Amino acid sequence: MVAAGRRVIERDGIDALTMRAVAAELGTAAASLYRHVADRDTLLLAVLEEIAAGLPVDVPGAEPTARLLRRLLGAHDYMAGHAWVLHVLIRGELVAENALSFNDACLADLLAAGLPPARAASAFRSCWQLVLGELLSEHPVSPARRPNQRAAAFAAADPQALPALTRVHAQVPDRGPGTRCADLQDALAALITGLTADSKGAR
């Protein structure tokens, strides 16, 4: 059932996940599914648990900040292949328990870097929000059509009215959909460094 639900979502989108659609995928009646799951959200959560089990937890690195950076980048690259999950997570209603080990490992590294619990929690949220923002911005569930209005608007921008934008846009190549933002690693590293820079004094 979980595999069938995942196939439905990844083929047709999250809104297509219904008990009837999963039953059709399995070649059975929808009523038979209710012997195994209570409702659609229960099935969706089971799919989320399966995906969350793939998040990186144990990563190499002698320093906690190095482990944290490697784990966050690994989570980014893994979740880029499951972008639809992000649209479920930002609703704030469901959480996969398998994801808690990832959270725990990140918090453990921030604590090991010298941050007290409250600041460790805040630092983790800041790091995750940066990763989440890049994923939502650069990894849409449905790749944008090309050419499109957005690309045309940038191409037609007036250098006199928008000098900084046109100068930068002309020198920064289009990465194309589905690729990691080139400066994400640098941005994450700078954020982690800044958040833990005065950690000794914060203990």
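Residues numbered from 1 in each chain as written. Predicted model: local features only at pLDDT ≥ 70, side-chain atom pairs only at ≥ 80, totals over all residues. Heavy atoms only, no water.

**Thoughts on the overall build of the chain**
And step 1. In terms of helices and strands, the chain carries 12 helices and 0 strands.
And step 2. The linear arrangement of helices and strands in the chain, starting from the amino end, is α-α-α-α-α-α-α-α-α-α-α-α.
And step 3. The C-alpha atoms of the chain give 21 Å as radius of gyration, which overshoots the globular expectation for 203 residues (17 Å, by more than 25%).
And step 4. For the chain, the spread of C-alpha atoms along the principal axes amounts to about 60 × 50 × 25 Å.
And step 5. Burial status across the chain gives 33% buried among its 203 residues. (Helix = DSSP H or I, 4+ residues; strand = E, 2+ residues; numbered from the N terminus. Rg over C-alpha atoms; globule rule 2.2 N^0.38 Å. Buried < 20%, exposed > 50% of the residue type's maximum accessible area, 1.4 Å probe, protein only.)

**Notes on the packing of aromatic side chains**
And step 1. The final tally for this structure, using the stated rule, is 2 aromatic pairs.
And step 2. Relative to W128, the ring of F102 has its centre 5.9 Å away and its plane inclined at 65 degrees; by these criteria the two rings are edge-to-face. Placement of the pair is F102 in helix 7 (residues 100-112) and W128 in helix 8 (residues 117-138), with a sequence separation of 26 residues. (Phe/Tyr/Trp six-rings, centres within 6.5 Å; stacked < 30°, edge-to-face > 60°.)

**A word on the nonpolar core**
And step 1. Within the largest apolar cluster, 43 residues are counted, with the highest numbers of intra-cluster contacts made by L44, L72, W84 and L188.
And step 2. At the level of elements, helix 1 (2-12), helix 2 (19-26), helix 4 (40-52), helix 5 (64-79), helix 6 (83-89), helix 7, helix 8 and helix 11 (184-196) are the ones that each hand at least two residues to this core.
And step 3. Here this core takes 7 residues from helix 8, the largest share from any one element.
And step 4. Excluding residues that lie within four positions of it along the chain, L72 makes contacts with F102, C106, C127, W128, V131, L188 and I192. (Core = buried A, V, L, I, M, F, W, Y, C linked by side-chain atoms within 4.5 Å. Contact = heavy atoms within 4.5 Å.)

**Side note on the confidence of the model for the chain**
And step 1. Confidence in the prediction for the chain averages 89 pLDDT; 92% of positions are at 70 or higher.
And step 2. Mean pLDDT per element in the chain: helix 12 (residues 199-202) is the minimum at 56, and helix 7 is the maximum at 98. (pLDDT = per-residue confidence, 0-100.)

**Brief notes about the pattern of salt bridges**
And step 1. Tallied over the full model, the rule gives 8 salt bridges.
And step 2. The partner of R67 in a salt bridge is D109, with the nearest N and O atoms 2.9 Å apart. Highlighted residues: R67 in helix 5 and D109 in helix 7, separated in sequence by 42 residues. Here the two residues R67 and D109 agree in accessibility, since each one is buried.
And step 3. Measuring nitrogen to oxygen at the nearest pair gives 2.8 Å for the salt bridge that ties R71 to D109. (Salt bridge = Lys/Arg side-chain N within 4 Å of Asp/Glu carboxyl O.)

**Overview of the packing of helix 5 against helix 11**
And step 1. Two elements in contact, helix 5 and helix 11, have axes whose closest approach is 10 Å; the angle formed by their N-to-C orientations is 145 degrees. In this structure, helix 5 crosses over helix 11, and the sense of that crossing is right-handed. Each of T65, L68, L69, L72, L73 and H76 in helix 5 lies in contact with helix 11, whose residues at this interface are L184, Q185, L188, A189, I192 and T196.
And step 2. When the residues that make up the contact of helix 5 with helix 11 are grouped by side-chain class, the tally is 8 nonpolar, 4 polar and no charged. (Axes fitted to C-alpha atoms, helices over the stretch in contact; angles between N-to-C directions. Left-handed = near helix turned anticlockwise from the far one by under 90°. Nonpolar A, V, L, I, M, F, W, Y, C, P; charged D, E, K, R; others polar.)

**Some words on the environment of R91**
And step 1. Along the chain, R91 turns up in the loop between helix 6 and helix 7.
And step 2. When the C-alpha atoms of R91 and A4 are compared, they prove to be 23 Å apart, with 87 residues separating the residues in sequence.

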